[in-house]
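Here is what each chain is made of, one letter per residue.
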Amino acid sequence: MKAISLYKATGWSLVEFSIRRPKLVMLLAGLLTLIFLTQFPKIRTDTNPKHMLPETSDVRVWNDKVDKTFALYEDTIVVGVENGASDAGVLNKDTLGRIARVTDAILALEGVASRDVNGFTTITNVTVEEGTLKVGPLMPAAPKTDAEVANLKSSLFGNPLFLDRIISRDGKTTAIYVPLEKGANGAEIADKIRDIVAKEKGASVGNERYYIAGDPVARDTFGAEMFKLMAIFSPIAGGIMFAAIQYMFRSLVLSAAMMGVSMVAIIWSMGLLIGVGFPVHIMSSMAPVFLMAIATDSIHIFNEFYFRYREQSGDKRDKLMAIRETMAAVSRPVRFTALATAAGFAVMLFMNIIPVQVFGGLIAFGTVVLRLLSFSFIPAVLTFVREDKLAAAAGDVGQDRTARLLGHLGAFGAIRPRLTVAVAVALVAVSVWGTSKIHVNNNLVAWFKAGSEIRVADTAMNAALGGTSLGYVVVEGKEADFMKRPEAMRWLEGLQRHLETLPVVGKTFSVADYVKRINRVLHEDDANYDIVPDTQDGIGQYLFLFSMSAKPSDLDNVVDPTFAKANLWVQMKTWDADAMRQVSAAAEEYHKAHPLAATVKPAGIAYFNLVWNEEVLGDLVLGLGLALVVVLAILALDFRSFKWALVAYVPLLLTILLIYGVVGFAGKDFDMPLSVMSTLSLGMAVDFAIHFVSRFRQRRAEVGAGETPAETLEESLAWTAARPGKGIMRNAILFAAAFSVMMAAPLTPYIAVGAFIVSMMLLSALLTLMLLPALVMLARHFLIEEN
């Protein structure tokens, strides 16, 4: 980043221009803000997890191919019905009548692929009537008599295709699988289904419970909640920051200036994002709070300005001179903290997850805007503060209790450096242990709190039935009719039984189940014939008969038109990415133990989540590595000393390690938002070290030079902790205050990010003010000679 000169060496200075023409600067800022604001009506949102990775990514290309080959739907809502109050469970006339009416109403909803909804009234049942194969709906109409209910029960529990899929083994829970047309909004359709259910009396008198679960419900509900939170938390965070700044400086003008800077940066950044056509994802929805927090780095300008103004002699106080001196003192650290923050976010442009790339570029741009405003808008605003208000608000360093306390903190580290560093080393050892316990995992449903409707529904459905998380295992032979071979069909059946031994798998389903069912019913429902026939012709005839009467999707979903490929459905009882990893590993293990001339490959949304999870882990390593190198380079560039850069690096690394350790010990899954925060934290927390070291070295140049320095090294460190340190602590408090509101969110990623950033800022500030003085004292013979 090109340095902004505060002097007139080139004949022009942005700061000087701003304090000479403050009204013009504020007018230009206002006009540009209005231009960016005009883009807001074009805002689009996107919470589809598929869009986390590029369209050309292998997993997206493969999943799209599988969806097309097997006529699959991208999204499916699972509607659960539970009746635990009745011994008969859901198999009673009243409940079945309501299920039939609810299903009929769902079929009429726009956006529902009604032809392929599967429930009691729509799922295909294979039976025999007078020696002829009969394929039709399981329950064409709600039973009117107890005998009809008994027949339905017999059909359900006598068919393995239905058990754990549309009926629980205790008969108390059923499910309706509602596939959605492409582009349908899962949250909106879920709300319409809730309205349908609410009209049924049984749902309101406690006899039955209705659950609505599935990936599209969680995803689209998360998207809707995300924007509600953005609209609620941004102004709350702004209000908290405003109140904190007002308490610190007791000047409405300065408080308004700080908030004005953050609002301008938010509008410019979001306006640019929307204007160039990017949708708003979960990460970019957090941008307003991030930019508000990053804007707090300007607190160092206000902090130093008050010190400078107070130090001027009574009647000879010159506000403009105080502004010039302030900007001269803080110019370099403010510029380099902006560079470090922008670079930390820009590193994300090299990651693989698209929303993370967009977020990184967005905040990097916003950070540059904030620093531009720091050298223009803020100096301009300072010119409007009345002299009497400044005199009343400016605090005396010598009488400032906060500054004295921070000075004592820095002095402790300087006087007892070995003890301070020893404690830090012990914390490192414990943190490394905790970090080793971190588990990287993404689970969209777990992004809702445990008591939320979505979590409750998902938990109930997973406990009663096969599971709401769906993955596929595609088996592909080398020639047409490969899957009609008895050995291939039996191999597929064997793979199902092997996968069902996994605790995470609740139900599997394939073309082999249809073949076995047809074989059994054509042999008078003899259980001995619940097997794959011995001939390819027999299997081919069964599948032909089935295709003549069944819904097209019944066969299309499990085998391709050439019968070269089969699609094995796997229902899992958790959305954890690790569940699909276990399925994939088990399929590979079975293939090795039972060789078959075919390829075996996972697919589906659960497989996408697994690949996405691995990309998150890869991005975590890549992002951290790049950020570590970039931040170290910026520190070395700022200090013009690699040794000083290494020393300033230590509090930053210790902060990250401590927080990682806590995450590991707490057993919190390390998901995408946390992995992104870990990279960003390097760019943000390094600001404190830059301010501390830069101002300390300035101080030593002023009072520590010569044979008889005016101040000892320990005193200079205490002064740095007291005066610039007060700005550091104020910065940390404001930053933490902005993110603290996120800890009240109903969505766990917001809570985790809020807690992570609050902890990081406060801990980093304390370590900077205490550990850095200790490190400087221990390494003084290597550092001071370079100063």
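Residues numbered from 1 in each chain as written. Predicted model: local features only at pLDDT ≥ 70, side-chain atom pairs only at ≥ 80, totals over all residues. Heavy atoms only, no water.

What follows concerns the pairing of strand β4 (residues 173–179). By the criterion of burial, β4 is predominantly enclosed, with seven of the seven residues buried. Burial along β4 is two-sided: the residues Thr173, Ala175, Tyr177 and Pro179 and Thr174, Ile176 and Val178 are all buried. Judged from the seven bridges that link them, strand β1 (residues 76–82) and β4 form a sheet pairing that is antiparallel. When the bridges of β4 are listed, valine 79 appears paired with isoleucine 176. (Buried < 20%, exposed > 50% of the residue type's maximum accessible area, 1.4 Å probe, protein only. Helix = DSSP H or I, 4+ residues; strand = E, 2+ residues; numbered from the N terminus. Pairing = 2+ DSSP bridges.)

Across a sheet, strands are paired by hydrogen bonds formed along the backbone, either parallel or antiparallel in direction. What the four strands build is an open sheet, ordered β7-β8-β6-β9; its pairing is antiparallel. Whereas interior strands pair on both sides, the edge strands pair on one side only; in this sheet they are β7 (505–509) and β9 (598–603). Strand-to-strand twist of the sheet, defined as the mean angle between neighbouring strand axes without regard to direction, takes the value 20°. Relative to β9, helix α23 (residues 577–593) is tilted by about 175°, and along the sheet it contacts β6 (469–477), β7, β8 (565–572) and β9. Contacts from helix α24 (residues 605–639) reach β6, β8 and β9, with the element oriented near 95° to β6. (Axes fitted to C-alpha atoms, helices over the stretch in contact; angles between N-to-C directions. Contact = heavy atoms within 4.5 Å.)

Let's shift gears to α23. With 17 residues, α23 should cover 24 Å at 1.5 Å per step; its first-to-last C-alpha distance of 25 Å lies within 8% of that length. Those residues of α23 that sit buried are Ala577, Ala579, Met580, Val583, Ala586, Ala587 and Tyr590. The secondary structure elements touched by the buried residues of α23 are β6, α19 (486–499), β7, β8, β9 and α24. (Expected span 1.5 Å × (residues − 1).)

This brings us to the environment of glycine 664. Note that glycine 664 resides in helix α25 (residues 642–666). Owing to a relative accessible area of 5%, glycine 664 belongs among the buried residues under this scheme. The spatial distance from the C-alpha of glycine 664 to the C-alpha of valine 432 is 9.3 Å, given a sequence separation of 232 residues.

The N-to-C vectors of helix α10 (residues 287–294) and helix α27 (residues 713–740) enclose an angle of 165°; their axes lie 8 Å apart at closest approach. Between α10 and α27, the angle is such that the two are roughly antiparallel. Considering only the axes of α10 and α27, their crossing is right-handed. For the pair formed by α10 and α27, the contact residues are Val289, Phe290, Ala293 and Ile294 on the first element and Phe735, Ala738 and Phe739 on the second. (Parallel < 35°, antiparallel > 145°, perpendicular 65-115°, else oblique. Left-handed = near helix turned anticlockwise from the far one by under 90°.)

Another point: the packing of helix α16 (residues 401–415) against helix α17 (residues 417–435). One can describe the packing of α16 onto α17 by two numbers: an axis separation of 5 Å at closest approach and a directional angle of 95°. By the angle between their axes, α16 is roughly perpendicular relative to α17. Seen from α16, the contacting residues are Phe412, Gly413, Ala414 and Ile415; seen from α17, they are Pro417, Leu419 and Thr420. Here the residues of the contact of α16 with α17 are counted per class, giving five nonpolar, two polar and no charged. (Nonpolar A, V, L, I, M, F, W, Y, C, P; charged D, E, K, R; others polar.)

Below, the discussion takes up the environment of glycine 186. As for its placement among the helices and strands, glycine 186 is situated in helix α6 (residues 186–198). A residue is classified by how much of its surface remains accessible, and glycine 186, at 0% relative accessible area, is buried. Sequence separation of glycine 186 and histidine 51 is 135 residues, and the distance between their C-alpha atoms is 16 Å. Not counting the four nearest positions on each side in its chain, glycine 186 is found in contact with Ile77, Leu180, Pro216, Val217 and Asp220.

What follows concerns the sheet that holds β4. Taken in spatial order, the three strands make up an open sheet running β4-β1-β5, and their pairing is antiparallel. A strand with exactly one partner marks an edge of an open sheet, and here the two such strands are β4 and β5 (209–213). Between one strand axis and the next, the sheet turns by 20° as a mean value, whatever way the strands run. Of the pairings in the sheet, the one linking β1 to β5 comprises five bridges and is antiparallel in character. Residue pairing across strands places glycine 80 opposite tyrosine 211, the latter belonging to β5. Against the sheet, helix α4 (residues 93–107) makes contact with β1, β4 and β5, and its axis sits at roughly 10° relative to β4, the strand it touches most. Sitting on the sheet, helix α18 (residues 453–464) touches β1, β4 and β5, and the angle it makes with β5 is about 100°.

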